[in-house]
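# A look at the structure
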Amino acid sequence: MITIHGSPVSPFVRKTLVCLMEKGIEHEVNPVSPFPPPASHLEISPLGKIPALTDGDLALPDSSAICGYIEKKHPEAPMYPSDPADFGRALWYEDWADNELPKATAALFFNRVAVRMMKREPDEAVIQNIIDKVQPGIFDYLEGEIGDKTCLVGDAFSIADISVTCQFIQMMYSGESLPSESHPNITRFVTAHMHRDSFKTLINSDPFMKLD
Ligand SMILES: N[C@@H](CCC(=O)N[C@@H](CS)C(=O)NCC(=O)O)C(=O)O
């Protein structure tokens, strides 16, 4: 059976769980915290990060590697486009959502919520800088890419939509609302995807917000 090691509160763990749930694949979660990771976790995740996957003899770190593996092993209900250009675009959005978007979204969760778990007080200047200086450029790019679409690539829900939505959920877990005034396309896009059964089930299992 596939095991995902990591707390479901992590946006990267959420990404792998949504892939599994969308495909209807049986799995279990081993709720490991990376702060600090237990020694056993370093054996399956050399950087000590979450998520990691184990499946029989296979151990695999990194949400992108894990989602790619899941897709190859279980191609039904595809999460990656088959058209080469669309596939490339989906990988780009996944990479951007994992590495650039968190500076404007998950960074608020880290600086407001996670720091308290580490027994530190939030630094309001850092938080305000994210909102005033970091968010606008990143959100403006995404707003233009979404336009009037529901899915970022082609007409089908894909890893691109999963990756982006995971990061905005993390921002909302910090108490921040979606930018409905300044970025209505992002707001419509995230609201639609976070109400899918997969996302909704995960969100309602976490302690930060509830969806009907
Ligand atoms: N590129 C990795 C990023 C994973 C990641 O940064 N996870 C965070 C938790 S949200 C973590 O484990 N942080 C611990 C650390 O950086 O030491 C992925 O996609 O899985």
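Our subject in this report is the structure included herewith. In this text the structure is predicted, and so the values were computed from the model without any measurement.

Right, let's talk about the overall build of the protein for a bit. Summing up its helical and strand segments, the protein has nine helices and four strands in all. Radius of gyration (C-alpha) of the protein: 17 Å, near the 17 Å computed for a compact globule of 212 residues. Taking the principal axes of its C-alpha atoms as reference, the protein extends roughly 45 × 45 × 30 Å. For the protein, the exposed surface amounts to about 10,100 Å²; the carbon and sulfur share of it is 56%. Distance between charge centres in the protein, computed from 18 positive and 30 negative side chains, equals 4 Å.

As for its position among the elements, Asp206 is in the segment after α9 (197-205). The side chain of Asp206 is buried and forms no salt bridge, while Arg14, the nearest opposite charge, is found at 4.1 Å. Setting aside residues up to four positions removed in sequence, Asp206 forms contacts with Pro8, Val9, Arg14 and Tyr173.

Where helix α5 (residues 106-117) meets helix α6 (residues 124-146), the axes come as close as 10 Å, and the angle between the chain directions of the two elements is 170°. Viewed along their axes, α5 and α6 adopt a mutual orientation that is roughly antiparallel. Of the residues in α6, those touching α5 at Ala107, Leu108, Asn111 and Arg112 are Val126, Ile127, Ile130, Ile131 and Gln135. In terms of residue class, the contact of α5 with α6 is built from six nonpolar, two polar and one charged.

So, on to the site of the ligand. Neighbouring the ligand are the residues Ser10, Pro11, Phe12, Pro34, Phe35, Lys49, Ile50, Pro51, Asp62 and Ser63. In the environment of the ligand, a nitrogen atom lies 3.0 Å from a nitrogen or oxygen atom belonging to the side chain of Asp62. Contact distances for the ligand include 2.6 Å between an oxygen atom and a side-chain N or O atom of Ser63. About the coverage of the ligand: the protein hides 74% of its 510 Å² of free accessible area.

Next up on the list: the sheet that holds strand β4 (residues 58-61). Hydrogen bonding along the main chain pairs the strands of a sheet, whether they run parallel or antiparallel. The strand order β2-β1-β3-β4 describes an open sheet built from four strands, whose pairing is mixed. On the outer flanks of this sheet lie β2 (27-30) and β4, each paired with one strand and no other. In this sheet, adjacent strand axes meet at a mean angle of 20° when their direction is disregarded. Helix α1 (residues 11-23) contacts β1 (2-5) and β2 of the sheet and is inclined by roughly 160° relative to β1.

Attention now moves to helix α8 (residues 184-194). Those residues of α8 not exposed but buried are Ile186, Thr187, Phe189, Val190, His193 and Met194. Summarising the axial view, the buried residues of α8 lie within an arc of 170°, below the 170-degree limit, and thus occupy one face. In this structure, the buried residues of α8 make contact with α6, α7 (159-173) and α9.

All right, on to α1 then. Across its 13 residues, α1 extends 19 Å between first and last C-alpha, which sits within 8% of the 18 Å expected from 1.5 Å per residue. Taking burial as the measure, the 13 residues of α1 include eleven buried ones, the bulk of the element. Buried within α1 we find Pro11, Val13, Arg14, Lys15, Thr16, Leu17, Val18, Cys19, Leu20, Glu22 and Lys23. Buried positions along α1 lie against β1, β2, α3 (63-73), α4 (84-99), α7 and α9. Its side-chain oxygen placed 3.1 Å from the backbone nitrogen of Phe12, Ser10 serves as the N-cap of α1. Phi for Gly24, located one or two positions after α1, is positive at around 70°.

Mapping Pro102 onto the fold places it in the loop between α4 and α5. Judged by its relative accessible area of 14%, Pro102 falls in the buried class. Distance in space between the C-alpha atoms of Pro102 and Ile50 is 15 Å, their sequence separation being 52 residues.

What follows deals with the pairing of β2. Taken together, the four bridges between β1 and β2 define a ladder with parallel strand orientation. Within β2, the position partnered with Ile4 by the bridge is Val29.

Our focus in this paragraph is the nonpolar core. By size, the foremost hydrophobic cluster in this structure holds 58 residues, and its most contacted members are Leu152 and Phe168. For this core, the leading source of residues is α7, giving ten residues. In terms of domain composition, this core takes at least three residues from each of domain 1 (2-73) and domain 2 (84-205). For Phe168, the residues in contact, after removing those within four places along its chain, are Leu101, Thr105, Phe139, Leu142, Leu178, Ile186 and Val190.

The rules behind these values
Residues numbered from 1 in each chain as written. Predicted model: local features only at pLDDT ≥ 70, side-chain atom pairs only at ≥ 80, totals over all residues. Heavy atoms only, no water. Helix = DSSP H or I, 4+ residues; strand = E, 2+ residues; numbered from the N terminus. Rg over C-alpha atoms; globule rule 2.2 N^0.38 Å. Areas by Shrake-Rupley, 256 points an atom, 1.4 Å probe, with all protein chains shown as cover. Lys, Arg positive; Asp, Glu negative; His and termini not counted. Charge placed at Lys NZ, Arg CZ, Asp CG, Glu CD. Buried < 20%, exposed > 50% of the residue type's maximum accessible area, 1.4 Å probe, protein only. Salt bridge = Lys/Arg side-chain N within 4 Å of Asp/Glu carboxyl O. Contact = heavy atoms within 4.5 Å. Axes fitted to C-alpha atoms, helices over the stretch in contact; angles between N-to-C directions. Parallel < 35°, antiparallel > 145°, perpendicular 65-115°, else oblique. Nonpolar A, V, L, I, M, F, W, Y, C, P; charged D, E, K, R; others polar. Near = heavy atom within 4 Å. Polar contact = N/O pair within 3.5 Å; in protein donor to acceptor, adjacent residues only side chain to side chain. Pairing = 2+ DSSP bridges. Arc of directions from axis to C-beta. Expected span 1.5 Å × (residues − 1). Core = buried A, V, L, I, M, F, W, Y, C linked by side-chain atoms within 4.5 Å. Domains from an automatic or database assignment.

Note that all results are geometric; they support no functional claim without further evidence.
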